[in-house]
Structure formats: structure tokens, C-alpha cells
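Fold and contact review
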Amino acid sequence: MQHNGSETTRTALVVVAHHRTDSLTAHTARRTAAQLESAGYRVDLLDLEAEGFDPRMTVADQPDWGNRDKQYSEQVHAHMRRLLAAEIVVAVFPVYWQSLPALLKGWIDRVWNYGFAYGRSKPRLAGKRMLWLGLAGATSDDPINEGMQRILETTLSEGIAYYCGFSYSAVGLLPDAEERPQRIDAAGNLLIGDAVAGTEREAQYAEFDRRATEFVQKFLAAETVAA
């Protein structure tokens, strides 16, 4: 693949944050990895749960505001090297409380650390591109999705990616991730519908996969335009 006038293979770091390998999140991450490989990327698939990443902050990885060159733990440095090696990063995760699950948030807390991801006049992650694929339990026609999209864009793109020097960040919100539709009524009651089955289930998840694929396609197309 030609990139910047030379023969190179670009790397995509796909980060999956879920505790089950049979989850829709893990399924979406695997499909995304295959899609990126088809687009010519070498994919580094980082399954945080499978690799035993501990999201809890440690003394060794606590930022030292007086020393931006602090040597963090070897585990964190290994993850930093994987981030540096990637031109694009795609995080695939379930949306918890209109935010990240602890597993992914802790990875960012420990790895996207002071002196590495931020705290320098020229960020080490400058120029990289980020796609956040968040799976939500809300149904696609639930009005909550509009507000959830805004919150995620503010937190993830503005508060994290752009702050750390990424040149581009996009949030792909994927509702209808639950087998049983759920929503909150005007009185604040949680309404859980019947589980979809048979051809209806197949159609729902085919549409889900289509939307996930489209988000990745748009992300890659935006990269091409920017280049």
C-alpha cells in the first residue's frame, strides 16, 4: 500500500473492552479488524480482558507532575509502544452510563499518561486518528441517543483524543445492542420488551453489522480525504 510516497503497511490498533468473548462487542471488534485488514491495514487486536489488563491506577503509573519523563510500569510501556506503532486506533466498547466501561477508562488512565499522551508541546500521539464504536442498549428510535451522541463526542473526541493530539476523532454510536429492547418512559420507568427471535433477530443484527461497517467505511474515507 502506498502511503506518503513509500511502500508501507499501516497499522490499526483495535481495542476491545468487554469481559466476554461471545459478546456483541467482541463480535463487532472482530468484524472491524477483518474490515481494516481488507482495507490494507496490519491489525493489532488488543483484547483488554483476555490480556489481563488491570484498569486500576497503581503507584507506579500515577502521574508525576514534576517529571514528565517518569518511567511507568513495563506493562504500561508495552501498551504505549503499541499505541505509537498505530496510525489509527479503534476502540470498541459497550456504553455504560453514557460513558466508557471501567476496563477501557482505566486503560486510558494508565496508558494515555502524562508525558506520553499529553503534557508536551508536541504530543507523541499527534497526527493519529481515532474511531470510537460504542454499543448502546437503547433502541434506535429512542430520543436519548441524540444526547448520548453529544456526551460521547464531548468526552471522547474533545476531552481525550484531541487533547492528546489526535488529528481526527469520530464517535460511532450503535444502538439496538440488546436482544430485548429497553427504554425509559416519561415517568422514568424502565420498559423491557420481548426478546427478538428468528428472522426478526437475524434482520436486527444484520442491520447492526451494516451500521458498524458503515461507520468504519466513513472513518477510512475521511482519512483518504485528509491525506
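Keep in mind that this is a model prediction, so the values were computed, not measured.

A word on the packing of aromatic side chains
Overall, the coordinates contain seven aromatic pairs when judged by the stated rule. On the numbers, 6.4 Å between centres and 40° between planes, the contact of Trp-112 with Trp-132 is tilted. With Trp-112 in the loop between helix 3 (102-111) and strand 6 (129-135) and Trp-132 in strand 6, this pair connects stretches of sequence that are 20 residues apart. In this pair, the class of Trp-112 matches that of Trp-132, namely buried. An aromatic cluster is built from Trp-65, Tyr-114, Tyr-118 and Tyr-163, whose rings are joined through pairwise contacts. Taking NZ or CZ as reference, Arg-129 lies 5.6 Å from the ring centre of Phe-219, over its face.

Here's the deal with the nonpolar core
Grouped together as the largest cluster of nonpolar side chains are 40 residues, with contacts concentrated most on Leu-48, Leu-83, Phe-93, Leu-104, Trp-107, Trp-112 and Trp-132. Within the residue set of this core, elements represented by two or more residues are strand 3 (11-16), helix 2 (74-84), strand 5 (88-94), helix 3, strand 6, helix 4 (144-162) and strand 7 (168-174). Discounting chain neighbours no more than four positions away, the residues touching Leu-104 are Val-15, Ala-17, Leu-48, Ala-91 and Phe-93.

Section: the pattern of salt bridges
For the structure on display, the rule yields 14 salt bridges. Arg-31 is paired through a salt bridge with Asp-209; the nearest N and O atoms lie 3.8 Å apart. Placement of the pair is Arg-31 in helix 1 (residues 24-38) and Asp-209 in helix 5 (residues 198-226), with a sequence separation of 178 residues. Given the relative accessible area of 32%, Arg-31 is considered partly exposed. Judged by relative accessible area, which is 17%, Asp-209 ranks as buried. Here Asp-69 ties to Arg-120 by a salt bridge, and the two come within 2.4 Å at their closest N and O atoms. Remark: Arg-120 occurs in the loop between helix 3 and strand 6 and Asp-69 occurs in the loop between strand 4 (42-47) and helix 2; sequence separation between them is 51 residues. Overlapping salt bridges, with partners in common, bring together Asp-176, Glu-207, Arg-210, Arg-211 and Glu-214 in one network.

Section: the side chain of Ser-169
With respect to the element layout, Ser-169 can be found in strand 7. Engagement of the side chain of Ser-169 in a polar contact is seen with the side chain of Ser-157, the distance being 2.8 Å. If sequence neighbours within four positions are ignored, Ser-169 has contacts with Met-130, Trp-132, Leu-156, Ser-157, Ala-161 and Tyr-162.

Here's the deal with the sheet that holds strand 6
Read across the open sheet, the five strands follow the order 4-3-5-6-7; overall the sheet is parallel. Two strands bound the open sheet, and with one partner strand each, they are strand 4 and strand 7. With strand direction ignored, the average angle separating the axes of adjacent strands in the sheet is 15°. The pairing of strand 5 with strand 6 spans seven bridges and is classified as parallel. For Val-92, the partnering residue across the bridge sits in strand 6 and is Leu-133. Where helix 1 meets the sheet, it contacts strand 3, strand 4, strand 5, strand 6 and strand 7, and its direction lies at approximately 160° from that of strand 5. In the packing of helix 3 onto the sheet, contacts are made with strand 3, strand 4, strand 5 and strand 6, and the angle to strand 3 comes to roughly 130°.

Analysis parameters
- Residues numbered from 1 in each chain as written.
- Predicted model: local features only at pLDDT ≥ 70, side-chain atom pairs only at ≥ 80, totals over all residues.
- Heavy atoms only, no water.
- Phe/Tyr/Trp six-rings, centres within 6.5 Å; stacked < 30°, edge-to-face > 60°.
- Helix = DSSP H or I, 4+ residues; strand = E, 2+ residues; numbered from the N terminus.
- Buried < 20%, exposed > 50% of the residue type's maximum accessible area, 1.4 Å probe, protein only.
- Lys NZ or Arg CZ within 6 Å of the ring centre and 35° of its normal.
- Core = buried A, V, L, I, M, F, W, Y, C linked by side-chain atoms within 4.5 Å.
- Contact = heavy atoms within 4.5 Å.
- Salt bridge = Lys/Arg side-chain N within 4 Å of Asp/Glu carboxyl O.
- Polar contact = N/O pair within 3.5 Å; in protein donor to acceptor, adjacent residues only side chain to side chain.
- Pairing = 2+ DSSP bridges.
- Axes fitted to C-alpha atoms, helices over the stretch in contact; angles between N-to-C directions.

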